[in-house]
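These are the residues of each chain, in order.
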Amino acid sequence: MDIYFFLILLVLGYGFGTYAEKKHFTSIRKREENFKELPTIMLKKPLHPEEIKEYKLVGGNVVLSIDYFKKFIASLVNIFGGSISSYETILDRARREAILRMKEDAGDASEIINLRIETSSISKNSNRSVGSIEVYAYGTAIYR
Amino acid sequence: MKYNTTLPDDSVNFSSEHPLALAFKLTISLLLFAALAYFLLGFIINYAVDTITPTQEKKLESMLSIDMNLTQKDNPYLSTIADKLSKCAHLPYDIKIHIIDENQANAFAAPGGNIYVTQGMIKQVKNENELAFIIGHEFGHFKNKDHLRTMGYKLVLSMFGMLIGNDFGMAANNILHLGDAKYSQKAELEADEFGLDVMNCAYGSVTDATKMFERMDDGDEWKYFMATHPGFSTRVSKMKEKILNDGMDTHKKAIPLGNIAL
């Protein structure tokens, strides 16, 4: 009985997970295109401080859950070693989504400096849960 | 100085291998690894089981205190049947038969010459001959040391479960169990044969030996594909084949049931 339950979860995880990931990547690429004229850099100090009218802290936060299929691949890689490619895509999605939300938060800023990314974990140490990742991107928006 | 507006390169941060291809590759590797480990550990288990002495087994018995709802320890009536059969079986154990508080009909052999019979089984039994065959069948497990082998394999399976962890371990266990079931079904048929031999020697007939299985047979053989026991109709036909080949007597009147005192 267990094996059928497991296979159903695996198929559901793969089906919905792949669909959601594809949709998400399409949305990320489109929004990145929209924001590509907004300079987002890691410099601690603005390039022309004398021209700044206003500045503020902006941030974007995202929580994504992994699916059963991704977890299945990860648990197999745990035995043999290697890169967990199923987690690489979800981490990439989470970081890019967090940066995009931060940019959306910045409104008509002329640039965002001192970009930082933090990862926290809600589902740490819970073996039975499917698991999720949490990414927070923040920086200083400069208005000229 | 100009800000470069190129978009992030998608291809560098994650591999382009299709997730299904990766899953397939990993699953096959795991199955191969598991099969190899299972066979190697199987050899070790068989070696250990073949060389273990009854004294060592006695120690093992005290180490593994089986926690069960016993309604009766060492039932005297069942012991008299075991004594009759023991004269023919020549097992290196002092057989003790216990009754478990459980409605499903079942019986099994445990280390140190302990046989556990469920109350559900006792209730289904119609005469002493049927009971004698059940006990004889468990004697067969002792003779072939199946009780130790099963324990060893269960230990290995639970180790795999721990290695892989959680749900995936359970699924891997299910697959390995398929191989285990085939071995186990063979062991059950061998135990049936031994049970018939012992019964024939102790009682001078095998009257009603197959009756119990015939009553339990619901005609559904498919569900036994993955089970530890073969289907009842398979068992009955194999037993009848042996009875015929060895010319065992099936006409001597069956002995009525004694006082089990549940």
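In the block above lies the structure referred to throughout.
One structure accompanies this document, and this report is about it.

Procedures and definitions
Residues numbered from 1 in each chain as written. Chains lettered and ligands numbered in written order. Predicted model: local features only at pLDDT ≥ 70, side-chain atom pairs only at ≥ 80, totals over all residues. Helix = DSSP H or I, 4+ residues; strand = E, 2+ residues; numbered from the N terminus. Contact = placed C-beta atoms within 7 Å. Buried ≥ 20, exposed ≤ 12 C-beta atoms within 10 Å, placed from the backbone. Expected span 1.5 Å × (residues − 1). Axes fitted to C-alpha atoms, helices over the stretch in contact; angles between N-to-C directions. Parallel < 35°, antiparallel > 145°, perpendicular 65-115°, else oblique. Nonpolar A, V, L, I, M, F, W, Y, C, P; charged D, E, K, R; others polar. Core = buried A, V, L, I, M, F, W, Y, C linked by C-beta atoms within 7 Å. Pairing = 2+ DSSP bridges.

### Quick notes on the overall build of chain A
A tally of helices and strands in chain A yields three helices and three strands. Ordered by position from N to C terminus, the α and β elements of chain A give α-β-α-α-β-β. A sequence separation of at least 24 residues applies to 81% of the contacts in chain A between residues at least 6 apart.

### Comments concerning the overall build of chain B
Counting its regular elements, chain B contains nine helices and four strands. Reading the helices (α) and strands (β) of chain B from amino to carboxyl end gives α-α-β-α-β-β-β-α-α-α-α-α-α. Counting across all 262 residues of chain B, residues that qualify as buried make up 28%. In chain B, the proportion of contacts linking residues at least 24 apart, taken out of those at least 6 apart, comes to 68%.

### Re unusual backbone geometry
Residues and elements named next belong to chain B. Unusually for a residue other than glycine, His90 sits at a positive phi of about 50°. Structurally, His90 can be placed in the loop between helix H3 (76–89) and strand E2 (96–100). Among the residues examined, His90 registers 9 C-beta atoms within 10 Å and is labelled exposed. Positive phi, normally seen in glycine, also occurs at Lys145, with a value near 55°. In this structure, Lys145 sits in the loop between helix H5 (128–143) and helix H6 (146–164).

### Here we look at helix H2 (residues 68–80) of chain A
Residue and element names in this part refer to chain A. Taking 1.5 Å of rise per residue, the 13 residues of H2 would be expected to cover 18 Å, and the 19 Å separating its terminal C-alpha atoms lies within 8% of that figure. Along H2, the positions that sit buried rather than exposed are Phe69, Lys70, Lys71, Phe72, Ile73 and Leu76. Note on H2: the residue one or two positions beyond its end, Gly81, has a positive phi of about 85°.

### Description of the packing of H2 of chain A against helix H3 (residues 85–106) of chain A
Residue and element names in this part refer to chain A. Close contact between H2 and H3 brings their axes to 8 Å; oriented N to C, the two are set at 130°. Compared by their axis directions, H2 and H3 come out oblique. Residues Lys70, Ile73 and Ala74 of H2 lie in contact with H3, whose contacting residues are Ser86, Tyr87 and Ile90. Here the residues of the contact of H2 with H3 are counted per class, giving four nonpolar, one polar and one charged.

### Considering the nonpolar core
Formed by 37 residues in total, the largest nonpolar core has its most connected members in Leu85, Ile115, Val117, Ala132, Ile135 and Met199 of chain B. Apart from residues no more than four positions distant in its own chain, Ile135 of chain B is found in contact with Ile81, Ala82, Leu85, Ile97 and Ile115 of chain B. Core analysis: the next-biggest nonpolar cluster, separate from the first, contains 16 residues, Ile66, Ile90, Ala106 and Ile112 of chain A among them.

### What to know about the pairing of E2 of chain B
Residue and element names in this part refer to chain B. Direction of pairing for strand E1 (residues 70–72) relative to E2: antiparallel, over a ladder of two bridges. By the bridge assignment for E2, Gln72 is matched with Ile99. Of the pairings in the sheet, the one linking E2 to strand E4 (residues 114–118) comprises five bridges and is parallel in character. Across the sheet, residue Ile100 finds its bridge partner in E4, namely Thr118.

### Observations concerning the sheet that holds E4 of chain B
Residue and element names in this part refer to chain B. With respect to topology, four strands assemble into an open sheet ordered E1-E2-E4-E3, the strand pairing being mixed. This sheet does not close on itself; its edge strands, each paired only once, are E1 and strand E3 (107–110). Going from strand to strand, the sheet's axes swing by 35° on average, the running direction of each strand aside.

### A look at H3 of chain A
Residues and elements named next belong to chain A. Taking 1.5 Å of rise per residue, 22 residues should cover 32 Å, and H3 covers 32 Å from first to last C-alpha, within 8% of that figure. Within the span of H3, buried status applies to Ser86, Ile90, Arg93, Ala94, Arg96, Glu97, Ala98, Ile99, Met102, Lys103 and Ala106. Taken from the residues just after H3, Gly107 is the one with a positive phi, measuring 60°.

Note that every value here comes from positions in space, so none of it alone points to a role or purpose.
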